[in-house]
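Okay, here's what each chain looks like letter by letter:
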Amino acid sequence: MAAIKQIQVTFDCAKPERVARFWCEVLGYVVPPPPEGFATWDDFDRALPPERQGSAFACIDPSGVGPRLYFQRVPEGKVVKNRVHLDVRVGTGLVGEERLAALEAECARLVALGAVRGRLLLADANNESCLLMQDIEGNEFCLD
């Protein structure tokens with residue numbers, strides 16, 4: 001059996017480019033170069049049939065370590081809790097007030113980008129504090 005070398009996380013959404021650019025800002029990701037033969041992604045998009053224009057967008061970790069994020073347009077809106085979500089690890093190794101301060105600072109940055117603050121879950125015997133949030137289309141994620 002071959003070992004898996006990479007994974008991609010796929011988001012269903014209404015506006016793929018908008019959501020992808022939000023996550024670029026959150027994670028420090030970048031938009032990859034357009035396909036060969038196209039100067040820009042807009043040029044590539046215009047070459048697609050009208051029904052496929054704007055239907056997908058992606059972003060990548062510039063270091064090549066993190067997974068590629070792929071955003072695909074779907075006709076239906078989000079109606080229930082995500083079955084999979086991203087944990088944005090901003091408080092790794094921090095505890096107590098120092099961890100809470102890191103979570104709050106990142107929360108403020110992301111709210112300015114259009115994220116929605118959810119509930120703060122305080123540390124207990126098993127878990128450190130984390131902050132529940134939603135991206136610009138309501139997809140849940142955690143600041144951890």
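(A) Quick peek at the side chain of Glu140. Within the fold, Glu140 resides in strand E7 (residues 140-143). In this structure the side chain of Glu140 is engaged in a polar contact, spanning 3.2 Å, whose partner is the side chain of Lys78. Within the structure, Glu140 has its side chain in polar contact with the backbone nitrogen of Asn82 (distance 2.9 Å). When sequence neighbours within four positions are dropped, the list of residues in contact with Glu140 reads Lys78, Lys81, Asn82, His85, Leu86, Met133 and Gln134.

(B) Quick peek at the state of the cysteines. Counting across every chain of the model gives zero disulfides. Looking at Cys24, it has no disulfide partner, and the nearest cysteine sulfur is the one in Cys59, 3.9 Å off. A disulfide-free cysteine, Cys130 has its sulfur positioned 4.9 Å from the sulfur of Cys142, the nearest such atom. What makes Cys130 buried here is its relative accessible area of 15%.

(C) View of the packing of aromatic side chains. Applying the stated criterion across every chain, the model contains seven aromatic pairs. For the pair Phe11 and Phe71, a centre-to-centre distance of 4.7 Å together with 20° between the ring planes defines the contact as stacked. Here the residue Phe11 occupies a position in strand E1 (residues 8-13), and Phe71 occupies one in strand E3 (residues 68-73), the gap between them amounting to 60 residues. An identical accessibility class is assigned to Phe11 and Phe71; each is buried. With centroids separated by 6.2 Å and ring planes inclined at 50°, the aromatic side chains of Trp41 and Phe57 adopt a geometry described as tilted. A residue pair is termed long-range when its members are at least 10 positions apart, and Trp41 in helix H2 (residues 41-46) and Phe57 in strand E2 (residues 56-59) qualify at 16 residues.

So, how was this worked out
Residues numbered from 1 in each chain as written. Predicted model: local features only at pLDDT ≥ 70, side-chain atom pairs only at ≥ 80, totals over all residues. Heavy atoms only, no water. Helix = DSSP H or I, 4+ residues; strand = E, 2+ residues; numbered from the N terminus. Polar contact = N/O pair within 3.5 Å; in protein donor to acceptor, adjacent residues only side chain to side chain. Contact = heavy atoms within 4.5 Å. Disulfide = S-S within 2.5 Å. Buried < 20%, exposed > 50% of the residue type's maximum accessible area, 1.4 Å probe, protein only. Phe/Tyr/Trp six-rings, centres within 6.5 Å; stacked < 30°, edge-to-face > 60°.

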